[in-house]
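Geometric and topological summary
The chain contents come next:
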Amino acid sequence: MRYNEDEKRNHLEGESHMSLTEIPIEVRKIREETGLSQNRFAAYFGIPCQTYQQWERKERTPSPYIPQMMDYIIKLEKKVGELEEKDQEAIQNKSQHIL
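Since this is a predicted model, take the numbers as computed values, not measurements.

Right, let's get into the pattern of salt bridges. In total, this model carries 6 salt bridges according to the counting rule given. In this structure, Lys29 and Glu26 form a salt bridge, with 3.7 Å as the shortest nitrogen-oxygen distance. Highlighted residues: Lys29 and Glu26, both in helix H2 (residues 23-34), separated by 3 residues, approximately one helical turn. Lys75 is paired through a salt bridge with Asp71; the nearest N and O atoms lie 3.1 Å apart. Highlighted residues: Lys75 and Asp71, both in helix H5 (residues 65-98), separated by 4 residues, approximately one helical turn. Classification of Lys75 as exposed rests on a relative accessible area of 53%.

Moving on, we come to the nonpolar core. Counting residues in hydrophobic clusters, the biggest one holds 12 residues: Met18, Leu20, Ile23, Val27, Ile30, Phe41, Ala42, Ile47, Tyr52, Trp55, Ile66 and Met70. Only H2, helix H3 (38-45), helix H4 (49-56) and H5 provide two or more residues apiece to this core. A total of 3 residues in this core trace back to one element, the largest contributor, which is H2. Among residues more than four places away in sequence, those in contact with Ile47 are Ala42, Tyr52, Trp55 and Met70.

It is worth spelling out the environment of Thr61 at this point. With respect to the secondary-structure elements, Thr61 resides in the loop between H4 and H5. Along the backbone, Thr61 and Ile23 are 38 residues apart, and their C-alpha atoms lie at a distance of 6.9 Å. Contacts of Thr61, omitting those with residues within four sequence positions, involve Leu20, Ile23, Pro24 and Trp55.

We now examine the packing of H3 against H4. Packing of H3 against H4 leaves a shortest axis separation of 9 Å and a crossing angle of 115°. Considering only the axes of H3 and H4, their crossing is right-handed. Contacts between H3 and H4 involve Gln38, Asn39, Phe41 and Ala42 on the former and, on the latter, Cys49, Tyr52, Gln53 and Glu56. In terms of residue class, the contact of H3 with H4 is made up of 4 nonpolar, 3 polar and 1 charged.

Once that is clear, we can look at the packing of H2 against H4. Between H2 and H4, the shortest axis-to-axis distance is 8 Å and the interhelical angle comes to 115°. Every residue of H4 that contacts H2 at Pro24, Val27, Arg28 and Arg31 is listed here: Tyr52, Trp55 and Glu56.

A few words now on H2. In this model H2 runs 17 Å from its N-terminal to its C-terminal C-alpha over 12 residues, within 8% of the 16 Å that 1.5 Å per residue would give. Residues of H2 that are buried: Ile23, Pro24, Val27, Ile30 and Arg31. Taken around the axis of H2, the buried residues stretch over an arc of 125°, which confines them to a single face.

Our next topic: a nonpolar patch on the surface. A contiguous nonpolar patch, built from Tyr65, Met69, Tyr72, Leu76 and Val80 and spanning about 500 Å² of accessible area, is present on the exposed surface. Tracing the sequence through the fold places Met69 in helix H5. What makes Met69 partly exposed here is its relative accessible area of 43%.

Basis of the calculations
- Residues numbered from 1 in each chain as written.
- Predicted model: local features only at pLDDT ≥ 70, side-chain atom pairs only at ≥ 80, totals over all residues.
- Heavy atoms only, no water.
- Salt bridge = Lys/Arg side-chain N within 4 Å of Asp/Glu carboxyl O.
- Helix = DSSP H or I, 4+ residues; strand = E, 2+ residues; numbered from the N terminus.
- Buried < 20%, exposed > 50% of the residue type's maximum accessible area, 1.4 Å probe, protein only.
- Core = buried A, V, L, I, M, F, W, Y, C linked by side-chain atoms within 4.5 Å.
- Contact = heavy atoms within 4.5 Å.
- Axes fitted to C-alpha atoms, helices over the stretch in contact; angles between N-to-C directions.
- Left-handed = near helix turned anticlockwise from the far one by under 90°.
- Nonpolar A, V, L, I, M, F, W, Y, C, P; charged D, E, K, R; others polar.
- Expected span 1.5 Å × (residues − 1).
- Arc of directions from axis to C-beta.
- Patch = residues over 30% accessible without salt bridge, like charges linked within 9 Å, V, L, I, M, F, W, Y side chains within 5 Å.
- Areas by Shrake-Rupley, 256 points an atom, 1.4 Å probe, with all protein chains shown as cover.

Below you can see the structure in the form of structure tokens.
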């Protein structure tokens, strides 16, 4: 099935509450919140650096699910890190009580 540009835009925007022009801005915002360079951020997600740079320059637009998944992965990893820290603290506390 072939879509004209308006149909494609409506379909993609329907999957996300972001407009196609907001997607590159959101991707950049997520990267900046991590403090990573474009190169490291792209490598982290397995995206060719040139492709990622084109997204930020608004030369290409990723699918709307891309920033949603990036944000989800980063938040999930942050939560996992927090839980691991709590586990480490609990282990240390237990070992101090034993000694």
